[in-house]
Amino acid sequence: METIVIIVFVVGYLAITLEHNLKIDKLIPALAMMAILWAIIALAHLPVFEVNTELKELEPSHLDEMLLHHLGKTAEILVFLLGAMTIVEIIDYFNGFATIKGYIRTRSKVKLLWLFSILAFILSAIIDNLTATIVLITILQKVIKDRETRLWFAGLIIINANAGGAWSPIGDVTTTMLWIANKVSASQLVIHVLLPSIMCTVVPTLIASRFKVFQGEIDVDLEDNTERTSKFGPTMLYLGLGSIVFVPFFKTITHLPPYVGMMLSLAIVATFAEIYSNAKFSISSLDKDTTDESEAHSSHGPVHSSLSKIELPSILFFLGILLAVAALESLGYLFHYAESMNQAIPNTDYVVMLLGIGSAVIDNVPLVAASMGMFSQPMDSPLWHFIAYSAGTGGSMLIIGSAAGVVAMGMEKIDFFWYFRKIAWLALAGFLAGALVFVLLRDFVLHG
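None of these values were measured; they are calculated from a predicted model. (Residues numbered from 1 in each chain as written. Predicted model: local features only at pLDDT ≥ 70, side-chain atom pairs only at ≥ 80, totals over all residues. Heavy atoms only, no water.)

Novice: Would you explain the nonpolar core in this entry?
Specialist: Residues Ile90, Phe116, Ile127 and Met177 are the most contacted members of the largest nonpolar core, which totals 137 residues. Take this core: its biggest share by element is 12 residues, from helix 15 (residues 312-330). Discounting residues that sit within four places of it in the chain, Phe116 has contacts with Ile104, Leu136, Ile139, Leu140, Phe153 and Ile157. (Core = buried A, V, L, I, M, F, W, Y, C linked by side-chain atoms within 4.5 Å. Buried < 20%, exposed > 50% of the residue type's maximum accessible area, 1.4 Å probe, protein only. Helix = DSSP H or I, 4+ residues; strand = E, 2+ residues; numbered from the N terminus. Contact = heavy atoms within 4.5 Å.)

Novice: Would you explain the pattern of salt bridges in this entry?
Specialist: Side chains carrying opposite charge are able to pair once their charged atoms draw close together. All told, the structure shown has four salt bridges when counted by the stated rule. The closest approach of N and O atoms between Glu412 and Arg147, which form a salt bridge, is 3.7 Å. Placement of the pair is Glu412 in helix 20 (residues 403-412) and Arg147 in helix 8 (residues 147-166), with a sequence separation of 265 residues. Judged by relative accessible area, which is 3%, Glu412 ranks as buried. When salt bridges with common partners are traced through the structure, they connect Arg147, Arg150 and Glu412 into a single cluster. (Salt bridge = Lys/Arg side-chain N within 4 Å of Asp/Glu carboxyl O.)

Novice: What is the right way to look at helix 15 in this model?
Specialist: When the terminal C-alpha atoms of helix 15 are compared, their 27 Å separation across 19 residues agrees well with the 27 Å that a helix rising 1.5 Å per residue should span. With 14 of 19 residues buried, helix 15 is to be regarded as a mostly interior element. (Expected span 1.5 Å × (residues − 1).)

Novice: When you look at the confidence of the model for the chain in this model, what are you seeing that I'm missing?
Specialist: Residues shown with low pLDDT carry predicted positions that ought not to be read at fine detail. Confidence in the prediction of the chain, expressed as mean pLDDT, is 84, and 90% of residues score 70 or more. Per-element confidence in the chain is highest for helix 10 (residues 186-208), whose mean pLDDT is 94, and lowest for helix 13 (residues 291-299), whose mean pLDDT is 46. pLDDT under 50 marks residues 289-298. Its contacts with residues more than four places away, or in other chains, come to eight contacts. (pLDDT = per-residue confidence, 0-100.)

Novice: Can you help me understand unusual backbone geometry in this one?
Specialist: The bulk of non-glycine residues show a negative phi, and the bulk of peptide bonds are trans. We note that Lys23 has phi near 60°; this positive angle belongs to a residue other than glycine. As for its position among the elements, Lys23 is in the loop between helix 2 (19-22) and helix 3 (27-43).

Novice: Is there a simple way to explain a nonpolar patch on the surface in this structure?
Specialist: Taken together, Ile6, Val10, Leu14, Leu18, Leu22, Ile24 and Ile28 make up a surface patch of nonpolar side chains, about 570 Å² in accessible area. At three residues, helix 1 (residues 2-17) tops the list of elements feeding residues into the nonpolar patch. Following the sequence through the fold, Val10 ends up in helix 1. For Val10, a relative accessible area of 41% corresponds to the partly exposed category. (Patch = residues over 30% accessible without salt bridge, like charges linked within 9 Å, V, L, I, M, F, W, Y side chains within 5 Å. Areas by Shrake-Rupley, 256 points an atom, 1.4 Å probe, with all protein chains shown as cover.)

Encoded structure:
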């Protein structure tokens, strides 16, 4: 029966990895794999276990209890992500991200490269690397008209967005998973991973700034203001970003799960969104009869409109893959696999770096989910910080290795092999430089 379980997981995993070749959305094999695995456990009456992290051993448990336990842990992540996604969509409803374009005051390509790199690094730490990439490439398309130059900028944005997301508990799905699972605390994650992440950004950007493609100036009108704007846009941008940053502080103060703080932040942002939307509507209604508009506004306000744009396929994918990995964890397979791996490769640094490189080929969400079931180190162990760094930045080595890369690929039609030839080695250089800094800092703290 163990063989059947492994076969189902491998086939499902391959279907997720080959999503673009099979033309099947990855949420489908993820959900099917999850349901089939738990059905096999139930029908075959396979024993399930819970890992005792203190004794580092498996304890027998009941199927219903284990499934409910894992569903609860998964739901915490999904509700958190739903809140964050909705806040970002509300900001976009008021076109708040157009405010960022106002910071672009230079035509120098090198200066623009550093500006976009810094923005990607900072924004991804707040609104996550996927959303930061979408925002910055949208701005990039308005600023740089030459496609070849734009592709190079997009490649560096991917690297820097992933680097920025690795050191923040709200910057990447994988770091959010580790944070919610109490593997890392927000403050310790920032302290231990920020400097390696900065190195992962600086090294590729510094190397790329010497390239011929980034020499000279761009030919574009930076004062072009024809884009639709809202007078409430800047306010909603700062309010939205501030409310997301508030969540880790809320968790630290109240010791409640992060999704509670995210729901409070969403409620605050949504309240201001409705107030501003009503104010905007009231002003427009002074000039004409707006009976039909009033009905439309009541059913399609900023909150309803934002909720309709949420990436539900991504949410369902996370549900499927996290519960599928939870099935393997409940059977004890990941625990035994970790023991055998530790015996074969005693140095966990190599294991974690292989996990980071592997995340360029295989989705980093299930890899991190598996690692949480494989290792039983206590909260804020250097292992968890290194996993957060490696899984967050390793995906930059291939265009399909991260959510940021996939969305950039779709927006700019970036060729897989072009990225592999031009950008992959820059991502690898940044990844290795950051990993070296992490190891040196860790050893200095432990032995210095």
